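As a plain string of letters, each chain reads:
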Amino acid sequence: MIPDALPILSLLIGLPFAAGLSMVFVPKPETGRMLALAAAVLELLLAAMLLWGFDPVDPGLQFVERHAWIPSLNAHYQLGVDGVSVLFPFLGAVLNLAVIVASWTVVQNRVRLYYGMILALGGATVGVFCATDLMLFFLFWELTIVPVYVLAGFSGIGPQRRYAAVKYALFMLAGGIPLLFAILLLALNHARFLGVPAPAGLSFDYLALLDTPLGGSLATAVFLLLVLGFAVKAPLFPFHGWLPTLAMEGPAGLTAWLAGLKLGAFGIVRFAVPLSPQAALEYRGLMAGVGILTAAYGAIVAMRQTNLRRLLAFSSISHVGLVVAGIAALNFQALQGALFQLANFSIVAGGLFMVAGFIQHRTGSTEIDQLGGLAKPMPLLGALFFVLGLASLGVPGTSGFAAEHLILIGLLRQHTGLGLAALFAGIVAAAYVLRYFRRAFLGPDKLGTAPGELDLRPRELLVAGALVLWVVVLGLFPRLALDLSDGAVSALLARVHESLPEGPTSVAVAE
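Since the structure is predicted, the reported quantities are computational estimates derived from the model, not experimental observations.

Criteria and cut-off values
- Residues numbered from 1 in each chain as written.
- Predicted model: local features only at pLDDT ≥ 70, side-chain atom pairs only at ≥ 80, totals over all residues.
- Heavy atoms only, no water.
- Helix = DSSP H or I, 4+ residues; strand = E, 2+ residues; numbered from the N terminus.
- Expected span 1.5 Å × (residues − 1).
- Bend = angle between axes of the 7 residues up to and from the residue.
- Buried < 20%, exposed > 50% of the residue type's maximum accessible area, 1.4 Å probe, protein only.
- Contact = heavy atoms within 4.5 Å.
- Phe/Tyr/Trp six-rings, centres within 6.5 Å; stacked < 30°, edge-to-face > 60°.
- Core = buried A, V, L, I, M, F, W, Y, C linked by side-chain atoms within 4.5 Å.
- Pairing = 2+ DSSP bridges.
- Salt bridge = Lys/Arg side-chain N within 4 Å of Asp/Glu carboxyl O.
- pLDDT = per-residue confidence, 0-100.
- Polar contact = N/O pair within 3.5 Å; in protein donor to acceptor, adjacent residues only side chain to side chain.
- Axes fitted to C-alpha atoms, helices over the stretch in contact; angles between N-to-C directions.
- Parallel < 35°, antiparallel > 145°, perpendicular 65-115°, else oblique.
- Left-handed = near helix turned anticlockwise from the far one by under 90°.
- Nonpolar A, V, L, I, M, F, W, Y, C, P; charged D, E, K, R; others polar.
- Patch = residues over 30% accessible without salt bridge, like charges linked within 9 Å, V, L, I, M, F, W, Y side chains within 5 Å.
- Areas by Shrake-Rupley, 256 points an atom, 1.4 Å probe, with all protein chains shown as cover.

Participant: Give me helix H1 (residues 8–22): which residues, what numbers.
Facilitator: Within an α-helix, residues lying three or four positions from one another point in the same direction, as the helix has 3.6 residues per turn. Relative to the 21 Å expected for 15 residues at 1.5 Å per residue, H1 spans 21 Å between its end C-alpha atoms, a close match to the ideal helical length. By the largest-angle criterion, glycine 14 marks the main kink of H1, which is about 30 degrees, and a proline, proline 16, follows within four residues. By the burial criterion, the buried members of H1 are Ile8, Leu9, Ser10, Leu12, Ile13, Pro16, Ala19 and Gly20. In this fold, the buried residues of H1 make contact with helix H2 (29–53), strand S1 (62–70), strand S2 (75–81), helix H3 (87–102), helix H4 (111–130) and helix H5 (134–143).

Participant: Break down the packing of aromatic side chains for me, citing the residues and quoting the values.
Facilitator: Taken as a whole, this structure holds 17 aromatic pairs when the rule is applied. Residues phenylalanine 88 and phenylalanine 266 carry aromatic rings whose centres are separated by 5.6 Å and whose planes lie at 70 degrees to one another, so their mutual orientation is edge-to-face. Of this pair, phenylalanine 88 sits in helix H3 while phenylalanine 266 sits in helix H12 (residues 263–275), placing them 178 residues apart in sequence. The exposure class assigned to phenylalanine 266 is buried, which follows from its relative accessible area of 1%. Consider the rings of phenylalanine 137 and tryptophan 141, whose centres lie 5.5 Å apart with planes at 40 degrees: the pair is tilted.

Participant: Can you tell me about the nonpolar core, naming the residues and giving the values?
Facilitator: The biggest cluster of nonpolar side chains holds 190 residues, and the ones touching the most others in it are Leu134, Leu246, Ile327 and Leu411. Take this core: its biggest share by element is 18 residues, from helix H16 (residues 332–363). Residue contacts for leucine 134: discarding those within four places in its chain leaves Ile183, Leu186, Phe204, Tyr206, Leu209, Phe271 and Leu275.

Participant: Break down the environment of tryptophan 104 for me, citing the residues and quoting the values.
Facilitator: Counting through the fold element by element, tryptophan 104 comes out in the loop between H3 and H4. Looking at tryptophan 104, the relative accessible area reads 18%, which means it is buried. With 70 residues separating them along the chain, tryptophan 104 and methionine 34 place their C-alpha atoms 9.8 Å apart. In contact with tryptophan 104, not counting residues within four places along its chain, are Arg33, Met34, Leu37, Tyr115 and Arg459.

Participant: Let's hear about the pairing of S2: which residues, and what values?
Facilitator: A large share of S2 lies buried, amounting to six of its seven residues. By the bridge criterion, six bridges tie S1 to S2 in an arrangement that is antiparallel. Paired with alanine 68 across the two strands is histidine 76, which belongs to S2. Joining the antiparallel neighbours S1 and S2 is a turn of four residues, in which asparagine 74 adopts a positive phi near 60 degrees.

Participant: Any chance you could break down the pattern of salt bridges for me, citing the residues and the numbers?
Facilitator: All told, the structure shown has seven salt bridges when counted by the stated rule. Here aspartate 82 makes a salt bridge to arginine 270, at a shortest N to O gap of 2.7 Å. Note that aspartate 82 is positioned in the loop between S2 and H3 and arginine 270 in helix H12, a separation of 188 residues in sequence. Here arginine 270 falls in the buried class, since its relative accessible area comes to 7%. Between arginine 362 and glutamate 460 there is a salt bridge, with its nearest N and O atoms 2.6 Å apart. Of this pair, arginine 362 sits in helix H16 while glutamate 460 sits in helix H20 (residues 458–476); the two residues are 98 residues apart in sequence, bridging distant segments of the chain. In this structure, arginine 362 and glutamate 460 share a single accessibility class: buried.

Participant: Requested: an account of the side chain of serine 392, with residues and values cited.
Facilitator: Relative to the helices and strands, serine 392 resides in helix H17 (residues 379–393). Residues in contact with serine 392, not counting those within four places in the same chain, are His319, Val348, Leu352, Glu404 and Val433.

Participant: Hey, could you go over the confidence of the model for the protein chain for me, with residue numbers and the actual values?
Facilitator: Do not read the fine detail of predicted coordinates wherever pLDDT is low. Taken residue by residue, the protein chain gives an average pLDDT of 87. The fraction at 70 or more is 95%. Per-element mean pLDDT across the protein chain ranges from 84 in helix H11 (residues 252–260) up to 95 in H5. Low pLDDT, under 50, characterises residues 503–511; the stretch is placed with 19 contacts to residues that sit more than four places away or in other chains.

Participant: Describe the side chain of histidine 240, naming the residues involved and giving the relevant values.
Facilitator: One can find histidine 240 in the loop between helix H9 (216–233) and helix H10 (242–249). Owing to a relative accessible area of 10%, histidine 240 belongs among the buried residues under this scheme. Polar contacts involving the side chain of histidine 240 include one to the side chain of tyrosine 297, which spans 3.2 Å. Those residues in contact with histidine 240 that sit more than four places away from it in its chain are Pro235, Tyr297, Phe314 and Ile317.

Participant: Quick rundown of unusual backbone geometry? Include the residues and the values.
Facilitator: A cis amide bond links alanine 234 to the next residue, proline 235, at an omega of -5 degrees. Relative to the assigned elements, proline 235 resides in the loop between H9 and H10. Omega for the bond connecting phenylalanine 237 with proline 238 falls within 30 degrees of zero, at 10 degrees, which places this linkage in the cis form. With respect to the element layout, proline 238 can be found in the loop between H9 and H10. The backbone phi angle of phenylalanine 63 is positive, close to 55 degrees, even though this residue is not glycine. Among the structural elements, phenylalanine 63 can be located in strand S1. Here phenylalanine 63 falls in the partly exposed class, since its relative accessible area comes to 22%. Even without being a glycine, asparagine 74 presents a positive backbone phi close to 60 degrees. Among the secondary structure elements, asparagine 74 is positioned in the loop between S1 and S2.

Participant: So what's going on with the packing of helix H14 (residues 284–303) against helix H15 (residues 308–329)? Residues and values would help.
Facilitator: Two elements in contact, H14 and H15, have axes separated by 7 Å at closest approach and are oriented at 160 degrees. If you check the angle between H14 and H15, you find them roughly antiparallel. With respect to the hand of their crossing, H14 and H15 are arranged in left-handed fashion. Across the interface between the two elements, Arg284, Met287, Ala288, Gly291, Ile292, Thr294, Ala295, Tyr297, Gly298, Ala299, Val301 and Ala302 of H14 pack against Leu311, Phe314, Ser315, Ile317, Ser318, Gly321, Leu322, Val324, Ala325, Ile327, Ala328 and Ala329 of H15. Broken down by class, the residue content of the contact of H14 with H15 amounts to 17 nonpolar, six polar and one charged.

Participant: Quick one: what's the story with a nonpolar patch on the surface, residue by residue and with numbers?
Facilitator: Together, Tyr149, Val166, Leu170 and Leu173 line one region of the surface with nonpolar side chains, adding up to about 360 Å² of accessible area. Among the elements that take part in the nonpolar patch, helix H7 (residues 161–194) stands out by supplying three residues, more than any other.

Participant: Pulling in residues and values, what's your account of the packing of H1 against H4?
Facilitator: Packed helices, taken two at a time, are described by their axes: the angle between them and the distance between them. Look at H1 against H4: their axes get within 7 Å of each other, and the N-to-C directions meet at 160 degrees. By the angle between their axes, H1 is roughly antiparallel relative to H4. In this structure, H1 meets H4 at a crossing whose hand is left-handed. Across from Leu9, Leu12, Ile13, Pro16, Phe17, Ala19 and Gly20 in H1, the residues of H4 making contact are Gly116, Leu119, Ala120, Gly122, Gly123, Ala124, Val126, Gly127 and Cys130. A class-by-class count of the residues in the contact of H1 with H4 yields 11 nonpolar, five polar and no charged.

If you want it as structure tokens, here you go:
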């Protein structure tokens, strides 16, 4: 058990920020690497403690911290986790450690800046997952822009890396506008509900806002604004343009972060649906349609790519579309599958982008026409790509199977057409993943390098082993992850169900 006096969530947020800022005072790059590694290991231990101490039976917020922050606005420094969010700080810590180890010999310039920004991105991301005051959440949300901009602009590998950095920042700043409007509308509605004028009646407390009723038109406005803001970061079509650009121009560690931790999809299930459940029901058809369109579009465009990094970017877009469609189904199986798939992204999508980084660093290219026979000099790297690729396809025995299976069941329960469209996206995904693996790893040898010379190094092999362990163990025992979210998903669906005007008779949504 975790002592009540230990502010573990604040430690998970503050530790990477403190370590990142400490890079300014580190004299040598080697010392910066060691400091980043030590901070990442400690972060992982704290996240494991959080996961160990979490009670999955309790559907409410746990490890709650609350302190005064901006008294004039009634905003608080307030943190907490429940079954929806508890797994993500741990997975973020795993991905953080993996990125640091994978970048050990790749990053040679501006080493301290690189690791400092990676750590800062990790701290801001944990803040997004744990913040239960919407103003604090928005602060962490916007803070993620800074390290991504710096990493893409100064540590990128492409000739247009600064263009990619500016493009990302502009997309994110534009997406933040509807989020801020929605948050302000919620706070002002709370003051109106209490009959206390602003600013005294304002509240950004997530739990207080859950208990504050929203009118019909206001509920619609809040829901659509939240979904629009989160769609930019997810990203959903047509707001996806920043991810392929960043995948080509940014460092592999950064793209592993952005593809692995889908903050936009998390925001939809964390805030948009529970804060405006009636509007979520009313517009779930629209949200499901956008999700399926994104899934199909991403898969088809990925099929046409000849560069692994762009292929993985569009594959990631396709997968997040399927997740959003699962959220829109608003039934137990689909929501469970969506959350499990978001967890899988951290390992599978993040791991695949790290593989792309390994290939780029060793061969100088990820273009399929310039690669061939990679399985001969890189058998371990090829095996890692194959296992992660199978997990991304949802092959039985991998962690992706249970997640996609649940989403498909939930979509088929909602509408047969949605399920069939999702199956189509999955079939196309199998084609482009297996096509790239066959040509790049099993095709004619174009490198002429001795076997094993370019393969995974021992420290990289440790990262690969951890990724494969997740894929296999969660593939065989998915309840280890699903049990964590059972109570929270049931509570969320109960809230959605209570918003139905028909009352308790409309059980199809909640069951």
